[in-house]
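# Secondary and tertiary structure notes
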Amino acid sequence: MKKKFNDWRRRSVARLVSWRIIGGSVTAGIVYMVSKAGASAAETASIIFVCQFTINALLYYIHDRIWDLFQWGREVVFDDGTTITHAEYLETTKQNEST
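Notes on the structure follow. (Residues numbered from 1 in each chain as written. Predicted model: local features only at pLDDT ≥ 70, side-chain atom pairs only at ≥ 80, totals over all residues. Heavy atoms only, no water.)

Close approach of charged atoms allows side chains with opposite charge to pair. Counted under the stated rule, the structure contains five salt bridges. Notably, a salt bridge pairs aspartate 7 with arginine 11, separated by 3.6 Å at the nearest N-O pair. For aspartate 7, a relative accessible area of 36% corresponds to the partly exposed category. Residue classification places arginine 11 among the buried residues on the basis of a relative accessible area of 0%. In this structure, aspartate 68 and arginine 74 form a salt bridge, with 2.9 Å as the shortest nitrogen-oxygen distance. (Salt bridge = Lys/Arg side-chain N within 4 Å of Asp/Glu carboxyl O. Buried < 20%, exposed > 50% of the residue type's maximum accessible area, 1.4 Å probe, protein only.)

Here you go:
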């Protein structure tokens, strides 16, 4: 039986909001630290870009992996239209493997 994994829109919005809080905070912190260094505008922009790109890429990866640990907002839809939560699917799969 074919299946499709879906994330609820609420889960996607929660992930978006949590990431923007993290990403925005990191950017603000970088700007604050770099602006205290007294560099020229071009140097400041370059430093901010490199730091923000690198740090946010790493943090986004960690953020995404953490979200994968939570089953809230996930569902499994089978080709016959039956829908169950992702947690129920994992429990069923676990039970089937042990028998």
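Most of strand S2 (residues 74-78) sits out of view: five of its five residues are buried. The two faces of S2 match: Arg74, Val76 and Phe78 on one face and Glu75 and Val77 on the other face are all buried. As paired strands, strand S1 (residues 3-7) and S2 are joined by five bridges and run antiparallel to one another. Counted as the bridge partner of asparagine 6 is glutamate 75 from S2. In this sheet, strand S3 (residues 83-85) lies alongside S2 in antiparallel orientation, the contact comprising three bridges. Across the sheet, the residue bridging to valine 76 is isoleucine 84, located in S3. (Helix = DSSP H or I, 4+ residues; strand = E, 2+ residues; numbered from the N terminus. Pairing = 2+ DSSP bridges.)

With antiparallel pairing, the three strands of this open sheet are ordered in space as S1-S2-S3. Each end of this open sheet is capped by a strand with a single partner; those strands are S1 and S3. Strand-to-strand twist in this sheet, taken as the mean axis angle between neighbours without regard to direction, amounts to 25°. (Axes fitted to C-alpha atoms, helices over the stretch in contact; angles between N-to-C directions.)

On to the packing of aromatic side chains. Evaluation of the coordinates by the stated rule reveals six aromatic pairs. Their ring planes at 75° and their centres at 5.5 Å tell us that phenylalanine 5 and tyrosine 89 sit as a pair that is edge-to-face. In this pair, phenylalanine 5 is assigned in strand S1 and tyrosine 89 in helix H3 (residues 86-98), connecting sequence segments 84 residues apart. A residue is classified by how much of its surface remains accessible, and phenylalanine 5, at 45% relative accessible area, is partly exposed. With a centroid separation of 6.3 Å and 80° between ring planes, the pair formed by tryptophan 8 and tryptophan 72 is classed as edge-to-face. Taken together, the residues tryptophan 8 in the loop between S1 and helix H1 (9-35) and tryptophan 72 in the loop between helix H2 (41-69) and S2 connect sequence positions 64 residues apart. Among the aromatic side chains, those forming a connected cluster through ring pairs are Phe5, Phe78 and Tyr89. (Phe/Tyr/Trp six-rings, centres within 6.5 Å; stacked < 30°, edge-to-face > 60°.)

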